Amino acid sequence: MIVWLNGTHGVGKTTTSALVQQLIPNSRVFDAEKVGETLMDITPGLPETDNFQHWPPWRPLVVETARRVLDYTGGTLVMPMTVLVEQYWREISAGLAHYAIPVRHFVLHADQDTLRRRIQGQHAIPSPFRLQYLRPYAEAAHTWLHAEAEVVDTTHLTPAQAALQIAEALTQSATPT
């Protein structure tokens, strides 16, 4: 199984994913950003882009890497990764479905003011990269993303509380009624 933690940059996916992993037996964190970093290391470089997700190899490589890791280890992969382009999410989720890998898709959400405060407070110099994704996140949230996932509003939650909410949601769905 894959527990996918989506949401905009700076919402707390990486921190929360490590905490979720501690709450789920036989689980591992797989950050699909590492696949993008591998593609960025190719020399000479791939065609210029502002986001490695736009490179067509990234999406199937994420699927294949997750599949191979799960085939090798079993258990659950907790994957913190922002995916705001609906077509890209469809490619990834269809690829995982092709291999019969169940996915629980969660979106960590916070209101725009909270996100700005968090991003500005994380570093001495606020990340322009993270700030530039606030609008695309809001658009995705209103058009498709929140309908495709279980939304965890982190506006007033600590990462530990968000992780516990996710773990409880997974446990509740696994418990027979």
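Per chain, residue numbering runs from 1 following the sequence as it is written. Two thresholds apply to this predicted model, a pLDDT of at least 70 for residue-level local features and 80 or more for giving and counting side-chain atom pairs, whereas whole-chain, interface and lining totals are computed over all residues. Calculated side-chain values reflect all of the structure's heavy atoms, with hydrogen atoms and water omitted.

Let us now look at the pattern of salt bridges. By definition, a salt bridge exists where a carboxyl oxygen of Asp or Glu is found within 4 Å of a side-chain nitrogen of Lys or Arg. All told, the structure shown has 9 salt bridges when counted by the stated rule. What emerges from the salt-bridge pattern is a single network uniting E64, R67, R68 and D71.

Its location among the elements puts I119 in helix α5 (residues 112-122). Placed 107 residues apart in sequence, I119 and G12 show a C-alpha to C-alpha distance of 9.9 Å. Secondary structure follows DSSP: runs of H or I at least 4 residues long count as helices, runs of E at least 2 residues long count as strands, and numbering of each begins at the N terminus.

The next thing to look at is the packing of helix α2 (residues 33-40) against helix α3 (residues 58-73). Two quantities define a packed helix pair, namely the angle between the helix axes and the distance between the axes. Contact geometry for α2 and α3: axes closest at 9 Å, N-to-C directions at 130 degrees. Classified by the interaxial angle, the pair formed by α2 and α3 is oblique. Of the two possible hands of crossing, α2 and α3 adopt the one that is right-handed. Counted together, V35, G36 and L39 of α2 and W58, L61, V62 and T65 of α3 form the full contact between these two elements. What counts as an axis is a line fitted to C-alpha atoms, over the stretch in contact for a helix, and the angles between N-to-C directions run from 0 to 180 degrees. By definition in this entry, angles of less than 35 degrees are roughly parallel, angles greater than 145 are roughly antiparallel, angles of 65 to 115 are roughly perpendicular, and the rest are oblique. The handedness criterion is simple: a crossing whose near helix is rotated anticlockwise from the far helix by less than a right angle is left-handed, and one whose near helix is rotated clockwise is right-handed. We call two residues contacting when some pair of their heavy atoms lies within 4.5 Å.

At a minimum axis distance of 9 Å, the contact between α3 and helix α4 (residues 86-98) shows a crossing angle of 30 degrees. With respect to α4, the element α3 is oriented roughly parallel. The crossing of α3 and α4 is right-handed. Across the interface between the two elements, W58, R59, V63 and A66 of α3 pack against Y88, E91, I92, G95 and L96 of α4. Classification used: nonpolar for Ala, Val, Leu, Ile, Met, Phe, Trp, Tyr, Cys and Pro, charged for Asp, Glu, Lys and Arg, polar for all others including Gly. Of the residues assigned to the contact of α3 with α4, the class counts are 6 nonpolar, 1 polar and 2 charged.

Put simply, buried Ala, Val, Leu, Ile, Met, Phe, Trp, Tyr and Cys residues joined by side-chain atoms within 4.5 Å make one nonpolar core. Partly exposed residues are those whose accessible area sits between 20% and 50% of the maximum for their type, while under 20% is buried and over 50% is exposed, using a 1.4 Å probe and protein chains only. Judged by nonpolar contacts, the single largest core of 49 residues is most densely connected at I2, W4, W58, M79, V83, F106 and I166. Tallying contributions element by element places helix α7 (residues 134-148) first for this core, with 6 residues. Beyond its immediate sequence surroundings of up to four residues, I2 is in contact with A66, L70, L77, M79, L96, I101, P102, V103 and R104.

So, about α7. In this scheme, the bend at a residue equals the angle between the axes fitted to the seven residues that finish there and the seven that begin there. Maximal helix bending in α7 amounts to about 70 degrees, located at A141. Buried within α7 are the following residues: L134, Y137, A140, A141, W144 and L145.

Here we come to the environment of F106. In this structure, F106 sits in strand β4 (residues 103-109). Between the C-alpha atoms of F106 and I92, which are 14 residues apart in sequence, the distance is 15 Å. Once residues lying within four places of it in the same chain are set aside, the contact partners of F106 are V3, W4, L5, N6, A149, E150, V152, I166, A169 and L170.

Okay, the sheet that holds strand β5 (residues 150-153) next. In a beta sheet, neighbouring strands are held together by backbone hydrogen bonds and run either parallel or antiparallel to one another. Spatially, the 5 strands line up as an open sheet ordered β2-β3-β1-β4-β5, and their pairing is parallel. The outermost strands of the open sheet, each flanked by one partner alone, are β2 (27-29) and β5. Each strand of the sheet is rotated relative to its neighbour by a mean of 20 degrees, with strand direction disregarded. Alignment of strand β1 (residues 2-6) against strand β3 (residues 76-80), held across 4 bridges, turns out to be parallel. Counted as the bridge partner of V3 is V78 from β3. Relative to the sheet, α3 contacts β1, β2 and β3, its axis offset from that of β3 by approximately 150 degrees. Strand pairing is defined by DSSP finding a minimum of two bridges between the two strands.

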